[in-house]
Number of protein chains: 2
Amino acid sequence: MSSQQPESAPRPDSAPPTPPPTPLTPPQLQLGVDRTSPVPLYFQLAQQLEAAIERGRLAPGSLLGNEIELAGRLGLSRPTVRQAIQSLVDKGLLVRRRGVGTQVVHSQVKRPLELSSLYDDLEAAGQRPATRVLRNTVEQATAEVAAALGVPQGAEVLLVERLRYAHDEPMAFLRNRLPVGLFDCDTERLESTGLYRMMRSAGITLHSARQKVGARAATAEEAERLTEHPGAPLLTMERTTFDDTGRAVEFGSHIYRASRYAFEFQLLVRP
Amino acid sequence: MSSQQPESAPRPDSAPPTPPPTPLTPPQLQLGVDRTSPVPLYFQLAQQLEAAIERGRLAPGSLLGNEIELAGRLGLSRPTVRQAIQSLVDKGLLVRRRGVGTQVVHSQVKRPLELSSLYDDLEAAGQRPATRVLRNTVEQATAEVAAALGVPQGAEVLLVERLRYAHDEPMAFLRNRLPVGLFDCDTERLESTGLYRMMRSAGITLHSARQKVGARAATAEEAERLTEHPGAPLLTMERTTFDDTGRAVEFGSHIYRASRYAFEFQLLVRP
DNA sequence: GAGTGGTCTAGACCACTTG
DNA sequence: AAGTGGTCTAGACCACTCC
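All figures in this text were calculated on a predicted structure; none of them were measured in a lab.

Colleague: Please set out the sheet that holds strand β9 (residues 263-268) of chain B residue by residue, giving values where relevant.
Modeller: The strand order β3(A)-β4(A)-β5(A)-β8(A)-β7(A)-β6(A)-β9(B) describes an open sheet built from seven strands, whose pairing is antiparallel. Looking at strand neighbours, the two that pair on one side only are β3 (129-140) of chain A together with β9 of chain B, the edges of this open sheet. The sheet shows a mean angle of 20° between the axes of neighbouring strands, direction not considered.

As structure tokens, this is what we get:
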């Protein structure tokens, strides 16, 4: 099965027209799966390949070796190997071309951003984030909120308003509406962590979000809350977040100080 | 093959303990593949299911019927049916739960936005877009541009500056840098279509983009170009676009009138 | 023509959810 | 216990790319 090829050992008995055309490239690259593990085989392989790419052991542009050979080397079937490779293609780490092979993507495409959480973003950037909850009550859904959350107009929804600080400076004013009864929206926890983290720990699997990002000049009231001057440029975002069943779980209308914050994210083109 | 079942014809000869437990839900829903077509079978099935969901013939939340039965009904193998279903799960139209089944997502998640092209956005919105090319030359890459495009600092890159109008009003100032020799960047075509459309027709397959969206006040020069007043809020975007091999194919630094434009897009959470 | 990925089949066993 | 999706196998033929 996984007999390693002699690489460039000259074979004196036969004279092939061309010397071994160096089929290498995923050279030795120790790969191997653990069949006693509960982790799926395709997932183990995908992890190992991803790690190898990340560490540069698989150089950008290098070919991966064909699927059949890889399957044989690992003692896996071809569909399983394909499943592993496909998951990395979906992540943008590998490219497949028929008749050519599978190669590591050229370039420095870094890990795509998740659904961005301001709290996590700030924490990752080393800015010590803090939150002050201004309101945490129940209100009746306006037409706009009802449409966004998919509830009847006038139905009860949670209203949460927060000021987010970084280094004791206000950065953003966050206003969220959530369906009631979705999870326990405790004010104390809201002040010590982010909304998305609370949702995840409540067993909600976030799936997608529809966002609208714009800008406008600060009103007097907004300026005061954010310690800007009236007319200062503000970044605005409206976002409706859906879980994996397609339910809307959150509708946010946020305002950021443009002088302090910008959105970074990655878009994938769906063919 | 696709012999239609008698549905609810009572069978007088046998008396099942329970009357047909209504296994329905993808009720009659005429499905069928064309094996003479060059279109892959899984793709044909996915298209039909997607169309049925879109037209409401498969209601949100309804179960799809198990894979084996579906495969039998269509004369396909289970892996092929799974491939079709998986593609719709990836699109966010279906949800699978082990032990439960596959159901249509609850809610109105509309088609996710593609990598947004301002030109296409405006055209779709019925605003007749127009473009004036201000510059279309070659320059030497600054450190920032070189880093974004992955070329050596000082290397030659294409510089394109455009004003984009809607209804004869300026909407945005677009500045792009591109690797030289990527495709023919003709000024006349630039004025009559969008950059992305030109890339696609040159055989470049767009794959992903890294974006940064912010806001700031207009300088005097910017205000004049966009017929705003100095200090007016502007929406800014920096975007590096990559093709399917991971090459950077474009680096854009754009400015939009916040009074006229906002970004809308969909983010997917990668598990 | 040789080699690659793209598609497809007909089975199999397991883990999970539900009654 | 029954039914579902999740994983896996060992083959097969085709379309495309490159020599």
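Colleague: I'd love a proper account of the protein's contact with DNA strand D, names of residues and values included.
Modeller: Residues in contact with DNA strand D amount to 25 residues; listed here are only the nearest, R35, L41, S77 and T80 of chain A together with R78 of chain B. Close to the protein, within 4 Å, the atoms of DNA strand D belong to sugar or phosphate groups at a rate of 68%. Between DNA strand D and Y42 of chain A there is a distance of 3.2 Å, counted from a phosphate oxygen to a side-chain nitrogen or oxygen. Measuring from a phosphate oxygen of DNA strand D, one finds a side-chain N or O atom of S77 of chain A at 2.8 Å. Elements with a contribution of two residues or more to the surface near DNA strand D: α1 (41-54) and α3 (78-91) of chain A together with α3 (78-90), β1 (94-97) and β2 (101-104) of chain B. In terms of residues, the surface near DNA strand D owes the most to one element, α3 of chain A, which gives three residues. By residue class, the composition of the surface near DNA strand D is seven nonpolar, nine polar and nine charged.

Colleague: Would you mind going over the pairing of strand β6 (residues 206-217) of chain A in detail, with residue names and values included?
Modeller: Note on strand geometry: in a regular strand, side chains alternate between the two faces of the sheet. In the sheet, β6 of chain A pairs with strand β7 (residues 233-243) of chain A via 11 bridges, with the strands oriented antiparallel. Bridging from a neighbouring strand, R216 of chain A pairs with L234 of chain A of β7 of chain A.

Colleague: Any details on the pattern of salt bridges? Residues and values, ideally.
Modeller: Residue and element names in this part refer to chain B. Evaluation of the coordinates by the stated rule reveals 28 salt bridges over all chains. Residue R96 pairs with E67 through a salt bridge whose shortest N-O separation is 2.8 Å. You can see R96 sitting in strand β1 and its partner E67 sitting in helix α2 (residues 67-74), a full 29 residues away along the chain. The exposure class assigned to E67 is buried, which follows from its relative accessible area of 10%. Here E228 ties to R257 by a salt bridge, and the two come within 2.8 Å at their closest N and O atoms. Taken together, the residues span a long stretch of sequence, with E228 in the loop between α8 (220-226) and β7 (233-243) and R257 in strand β8 (residues 248-257) at a distance of 29 residues. Considered together, E228 and R257 belong to a single accessibility category, that of buried residues.

Colleague: Give a detailed account of the protein's contact with DNA strand C, specifying residues and quantitative values.
Modeller: By nearness alone, 24 residues border DNA strand C, and N66 of chain A together with R35, L41, S77 and T80 of chain B come closest of all. Take the atoms of DNA strand C that sit within 4 Å of the protein: sugar and phosphate atoms are 69% of them. A distance of 3.1 Å is found between a phosphate oxygen of DNA strand C and a backbone nitrogen or oxygen belonging to E67 of chain A. Interatomic distance of 3.5 Å between a side-chain N/O atom of R98 of chain A and a sugar or linking oxygen of DNA strand C. Only α3, β1 (94-97) and β2 (101-104) of chain A together with α1 (41-54) and α3 of chain B provide two or more residues apiece to the surface near DNA strand C. In terms of residue count, α3 of chain B provides more of the surface near DNA strand C than any other element does, three residues in total.

Colleague: Before we move on, could you go through the domain arrangement of chain A and cite the residues and values that matter?
Modeller: Structurally, chain A comprises domain 1 (41-104) and domain 2 (118-257). The gap between the C-alpha centroids of domain 1 of chain A and domain 2 of chain A is 40 Å.

Colleague: Residues and numbers for the side chain of H254 of chain A, please.
Modeller: All names here are of chain A. For H254, the position within the fold is in strand β8 (residues 248-257). A polar contact is formed between the side chain of H254 and the side chain of N176, at a distance of 3.4 Å. Leave out the neighbours within four places in its chain, and H254 touches F173, L174, R175, N176, L235, T236 and M237.

Colleague: Break down a negative patch on the surface for me, citing the residues and quoting the values.
Modeller: A cluster of acidic residues, D184, D186, E188 and E191 of chain A, forms a negative patch at the surface. With relative accessibility at 66%, the residue E188 of chain A sits in the exposed group.

Colleague: Lay out the sheet that holds strand β3 (residues 129-140) of chain B with the relevant residues and their values.
Modeller: Pairing in this open sheet of seven strands is antiparallel, and the strands run β9(A)-β6(B)-β7(B)-β8(B)-β5(B)-β4(B)-β3(B) from one edge to the other. Both edges of this open sheet fall to β9 (263-268) of chain A together with β3 of chain B, since each of them pairs with a single strand only. Each adjacent strand pair in this sheet contributes to an overall mean axis angle of 20°, direction not counted. Here β7 of chain B runs beside β8 of chain B; their pairing, made up of nine bridges, is antiparallel. The residue of β8 of chain B that forms the bridge with L235 of chain B is Y256 of chain B.

Colleague: Account for α1 of chain B, naming residues and giving values.
Modeller: Residues and elements named next belong to chain B. Taking 1.5 Å per residue, 14 residues should reach 20 Å; α1 reaches 20 Å between its end C-alpha atoms and fits that length. All of the buried residues in α1 are Q44, L45, A46, L49, E50, A52 and I53. Residues of α1 that are buried make contact with α2, α3, β1 and β2. Downstream of α1 by a residue or two, G56 has a phi angle that is positive, lying close to 80°.

Colleague: How would you explain the nonpolar core if you had to name every residue and give the values?
Modeller: Membership of the largest hydrophobic core comes to 30 residues, with the highest contact counts inside it found for V213, Y256 and F263 of chain A together with V213, Y256 and F263 of chain B. Breaking this core down by element, the ones donating at least two residues are β5 (169-179), β6, β7 and β9 of chain A together with β5 (169-179), β6 (206-217), β7 and β9 of chain B. Not counting the four nearest positions on each side in its chain, V213 of chain A is found in contact with L235, T236, M237 and F263 of chain A together with V213, L235, A262, F263 and F265 of chain B.

Colleague: With reference to specific residues and values, describe the packing of aromatic side chains.
Modeller: A full pass over the atoms with the stated rule returns nine aromatic pairs over all chains. Aromatic pair Y261 of chain A and F263 of chain A: ring centres 5.5 Å apart, planes at 80°, arrangement edge-to-face. Comparing Y261 of chain A with F263 of chain A shows no difference in burial state: the two are buried. Between the aromatic rings of Y256 of chain B and F263 of chain B, the centroid separation amounts to 5.0 Å while the plane-to-plane angle is 80°, which identifies the pairing as edge-to-face. A relative accessible area of 3% places F263 of chain B in the buried class. Put simply, the rings of Y256, Y261 and F263 of chain A pair up and form one aromatic cluster. Above the face of the F173 of chain A ring, R225 of chain A is positioned so that its terminal group lies 4.0 Å from the ring centre.

Colleague: Give a description of the packing of α1 of chain B against α3 of chain B that names residues and reports values.
Modeller: Residue and element names in this part refer to chain B. Between α1 and α3, whose axes approach to 8 Å, the crossing angle comes to 45°. Here α1 lies oblique to α3, going by the angle between them. The element α1 and its partner α3 pack so that their crossing is right-handed. Residues L41, Y42, L45, A46, L49 and E50 of α1 lie in contact with α3, whose contacting residues are T80, V81, Q83, A84, S87 and L88. Within the contact of α1 with α3, the residues separate by chemical class into eight nonpolar, three polar and one charged.

Calculation criteria
Residues numbered from 1 in each chain as written. Chains lettered and ligands numbered in written order. Predicted model: local features only at pLDDT ≥ 70, side-chain atom pairs only at ≥ 80, totals over all residues. Heavy atoms only, no water. Pairing = 2+ DSSP bridges. Helix = DSSP H or I, 4+ residues; strand = E, 2+ residues; numbered from the N terminus. Axes fitted to C-alpha atoms, helices over the stretch in contact; angles between N-to-C directions. Near = heavy atom within 4 Å. Polar contact = N/O pair within 3.5 Å; in protein donor to acceptor, adjacent residues only side chain to side chain. Nonpolar A, V, L, I, M, F, W, Y, C, P; charged D, E, K, R; others polar. Salt bridge = Lys/Arg side-chain N within 4 Å of Asp/Glu carboxyl O. Buried < 20%, exposed > 50% of the residue type's maximum accessible area, 1.4 Å probe, protein only. Domains from an automatic or database assignment. Contact = heavy atoms within 4.5 Å. Patch = residues over 30% accessible without salt bridge, like charges linked within 9 Å, V, L, I, M, F, W, Y side chains within 5 Å. Areas by Shrake-Rupley, 256 points an atom, 1.4 Å probe, with all protein chains shown as cover. Lys, Arg positive; Asp, Glu negative; His and termini not counted. Charge placed at Lys NZ, Arg CZ, Asp CG, Glu CD. Expected span 1.5 Å × (residues − 1). Core = buried A, V, L, I, M, F, W, Y, C linked by side-chain atoms within 4.5 Å. Phe/Tyr/Trp six-rings, centres within 6.5 Å; stacked < 30°, edge-to-face > 60°. Lys NZ or Arg CZ within 6 Å of the ring centre and 35° of its normal. Parallel < 35°, antiparallel > 145°, perpendicular 65-115°, else oblique. Left-handed = near helix turned anticlockwise from the far one by under 90°.

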